[in-house]
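What follows is the residue order along each chain.
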Amino acid sequence: MRIIICGAGRVGYGIAERLSAEEHDVTVIDTAMDLVRQVRDTLDARGVVGHGSHPDILEQAGAADADMMIAVTLHDEVNMVACQVAHSLFDVPTKIARVRSQSYRQGAYQDLFSRDHMPIDVIISPEQEVGEMVLRRIAIPGATDVVRFANDKVVMVAIECAEECPVVNTPLSQLSDLFPDLRSTVVGIQRGERLFIPHSSDQMYAGDTAYVVADTTQVKRTLALFGHEEPAARRIVIGGGGNIGLYVAKAIETRGTGARVKIMESDRDRAAMIADQLKRTVVLHGSALDQNLLVEADVADADLFVALTNDDQVNILSGVMAKRVGCGSNLVLMNNPSYHEFSRLLGIDAFVNPRSVTISRVLQHVRRGRIRAVHSVQKGAAEIIEAEALETSPLVGTPLREANLPVGARIGAIFRDNQVIRPTGNTKIKPSDRVVILSMQESVREVEQVFRVSLEFF
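In this text the structure is predicted, and so the values were computed from the model without any measurement.

**Structural notes on the UniProt feature "domain: RCK N-terminal" (unreviewed entry) in the chain**
Within this structure's numbering, the places UniProt gives as "domain: RCK N-terminal" (unreviewed entry) are residues 1–124 and 233–352. Segment residues 233–352 splits into 38% helix and 22% strand. End C-alpha atoms: 17 Å apart.

**Concerning the pattern of salt bridges**
Applying the stated criterion across every chain, the model contains 22 salt bridges. Put simply, Glu22 and Arg18 hold a salt bridge, and the shortest N to O gap is 3.6 Å. Taken as a pair, Glu22 and Arg18 share a single burial class, namely buried. Ionic pairing is found between Arg100 and Glu127, a salt bridge with its closest N-O pair at 3.0 Å. Linking Arg100 in the loop between strand 5 (94–98) and strand 6 (122–124) with Glu127 in helix 5 (residues 126–139), this pair joins segments that are 27 residues apart in sequence. In this structure Glu127 comes out as buried when scored by relative accessible area, which is 7%. A cluster of three or more residues bridged by salt bridges with shared partners is formed by Arg18, Glu22, Arg367, Glu383 and Glu448.

**Structural notes on the packing of aromatic side chains**
All told, the structure shown has 1 aromatic pair when counted by the stated rule. Relative to Phe342, the ring of Tyr339 has its centre 6.0 Å away and its plane inclined at 75°; by these criteria the two rings are edge-to-face. Given a relative accessible area of 35%, Phe342 falls into the partly exposed group. The aromatic ring of Phe196 is capped on one face by Arg194, whose charged end is 4.2 Å from the ring centroid.

**Regarding the packing of helix 8 (residues 243–254) against helix 9 (residues 268–277)**
A pair of packed helices is captured by two measures, namely the crossing angle of their axes and the spacing between those axes. Between helix 8 and helix 9, the shortest axis-to-axis distance is 11 Å and the interhelical angle comes to 20°. Considering their axes alone, helix 8 and helix 9 lie roughly parallel with respect to each other. Note that helix 8 runs across helix 9; the crossing there is right-handed. In contact with Asn243, Leu246 and Lys250 of helix 8, helix 9 contributes Arg270, Ile274 and Gln277. Counted by class, the contact of helix 8 with helix 9 contains 2 nonpolar, 2 polar and 2 charged residues.

**Looking at the sheet that holds strand 18 (residues 371–377)**
Taking strand neighbours across the sheet as the criterion, the 5 strands line up as 18-19-22-20-21 in an open arrangement whose pairing is antiparallel. Lying at the two open borders of the sheet, with one neighbouring strand each, are strand 18 and strand 21 (419–421). Neighbour-to-neighbour, the strand axes of the sheet open up by a mean angle of 20°, direction not taken into account. Here 7 bridges tie strand 19 (residues 382–388) to strand 22 (residues 434–440), and the two strands are oriented antiparallel to one another. Looking at the pairing, Ile385 lines up with Ile437 of strand 22.

**Quick word on helix 5**
Since the α-helix turns once every 3.6 residues, residues separated by three or four places project in the same direction. In this model helix 5 runs 20 Å from its N-terminal to its C-terminal C-alpha over 14 residues, within 8% of the 20 Å that 1.5 Å per residue would give. The complete set of buried residues in helix 5 reads Pro126, Glu127, Val130, Gly131, Glu132, Met133, Val134, Leu135, Arg136, Arg137 and Ile138.

**Here we look at unusual backbone geometry**
Phi is positive for Asn151, close to 55°, though the residue is something other than glycine. With respect to the helices, strands and loops of the structure, Asn151 is situated in the loop between strand 7 (145–149) and strand 8 (154–160). Of note in the backbone geometry, Asp417 takes a positive phi value of approximately 50° without being a glycine. Relative to the elements of secondary structure, Asp417 occurs in the loop between strand 20 (409–416) and strand 21.

**Looking at helix 13 (residues 354–366)**
Between its first and last C-alpha atoms helix 13 spans 19 Å; for 13 residues at 1.5 Å apiece the expected length is 18 Å, and the two agree. Most of helix 13 sits out of view: 12 of its 13 residues are buried. Those residues of helix 13 that sit buried are Pro354, Arg355, Ser356, Val357, Thr358, Ile359, Ser360, Arg361, Val362, Leu363, Gln364 and Val366. Two or three places before Arg355, at the opening of helix 13, Asn353 has a side-chain oxygen 3.2 Å from that residue's backbone nitrogen.

Thresholds, definitions, all that
- Along each chain, the written sequence defines residue order, and numbers are assigned to residues from 1.
- Predicted model: local features are reported for residues with pLDDT of at least 70 only, side-chain atom pairs are reported and counted for 80 or more only, and whole-chain, interface and lining totals are derived from all residues.
- Heavy atoms from the whole structure form the basis of all side-chain values; hydrogens and water molecules are not counted.
- UniProt positions are given in the numbering used here, feature names are shortened, and annotations may be inferred rather than shown by experiment.
- A run of DSSP states H or I qualifies as a helix once it reaches four residues; a run of E qualifies as a strand once it reaches two. Both are numbered from the N-terminal end.
- Throughout this description, the term salt bridge denotes a Lys or Arg side-chain nitrogen within 4 Å of a carboxyl oxygen of Asp or Glu.
- Each residue is assigned to one of three classes by its accessible area relative to the maximum for its type, calculated with a 1.4 Å probe on protein chains only: buried under 20%, partly exposed between the two thresholds, exposed over 50%.
- Between the rings of Phe, Tyr and Trp (Trp by its six-membered ring), a pair exists once the centres lie within 6.5 Å; its type follows the angle of the planes, with under 30 degrees stacked, over 60 edge-to-face, and the other angles tilted.
- Sitting over a ring, as applied to charges here, requires NZ of Lys or CZ of Arg to be within 6 Å of the ring centre and within 35 degrees of the ring normal.
- The angle between two axes is taken between their N-to-C directions and runs from 0 to 180 degrees, where each axis is a line fitted to C-alpha atoms and a helix contributes only its stretch in contact.
- Geometric relationships in this document are graded by angle, where less than 35 degrees denotes roughly parallel, more than 145 denotes roughly antiparallel, 65 to 115 denotes roughly perpendicular, and other angles denote oblique.
- By definition, any crossing whose near helix is turned counterclockwise from its far helix by less than a right angle is left-handed, and any crossing with a clockwise turn is right-handed.
- The contact rule is simple, with two residues in contact once any of their heavy atoms fall within 4.5 Å.
- All amino acids are sorted into three groups, where Ala, Val, Leu, Ile, Met, Phe, Trp, Tyr, Cys and Pro are nonpolar, Asp, Glu, Lys and Arg are charged, and the leftover types, Gly among them, are polar.
- Two strands form a pair only when DSSP identifies at least two bridges running between them.
- By definition here, a helix of n residues has an expected span of 1.5 Å times n minus one.
- Two N or O atoms count as a polar contact when they lie within 3.5 Å, although within protein this holds only if one can serve as hydrogen donor and the other as acceptor, and sequence-adjacent residues are included solely when both atoms are side-chain atoms.

Structure (structure tokens):
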């Protein structure tokens, strides 16, 4: 595909890095010469200096032949206008825009982005996407990553195997025999720096992270099997009252989880504003790095501290301080991937990477075939994909043990008639089934081909 990316910041560069590695024809536009130079020097991609919303710059970037426009600059209005110009002047088929302001997303104004007005095919709201990720982590304690598929009926959880984990040193085939009615499947194992698709004879060891696809109703049972029976957080302290912190607090209030929330916000005016919008949340003015404020917020008695400021270092340090004061666990927003490697050593229990969340949303629309959802794991080493099986798919009607499934892929669940099916060698996929599958990066294209429409279909 020929793809134009407006914005060469952290998110834009990450998208370009991923797509260029997959041999897409990528051009990146940015007003900052140093960012464009970095793209040219480090990626197999073109770089154009200029405003992504200007017609002459888009023409220079090859918009006339582009298949997709991805606008992820820091400014919502630039992203929206860039998509409008790409549609009106160059007829670019697919337009994706990052829109951060929630004002544009209000229900009464949703028609703004229709083809008759401002034709943007996909709106990505980082604050909302990251906020939902945080909420999923809060709802399923014990998992280090949580993603829902198939109308929320299937969930992928990443689970760390501790020394006392009951299932370590046990072959996966034996687990299947011991728990035949458990609708969950280990589709991937992270061991040190290596992520791999396990075979039935493989076993997990202490220190591994298991990627498990399960029926949503059996997630708690699955976590318990791995030795994780942490209770749901009832007392939560949020460091940072920005858009994400406010979104999370509002959602906890409106969804009736019963959790009690306190927010610490360093900006006085912002603290006053969010206090007016929240009904049951206590808002404290001050820095999340102020130990006295942590004590005032009763962090020592809290079950979870969630650091959601715009500063990675503040998030990491406040998360560590909260644990030292006595908080049960922490969850940290972390933009810089260089911090991920040693976060555990510092005392960070779990983190959310906003860039990864945005890239996953973009990949869903880049992937060919009937792809409904994509989630990137381990810095792009693999993807969890939800795809719809068509009549012409080579997987349909053949027992999975005989199916020509890509070597670097494993099916975790099949969603059919509102029911979740745990796949076995005898399982046959039917047309319209939704399949949740983990694919190593080198096998993604083969998985796409399996779920693409064949010409014979017509």
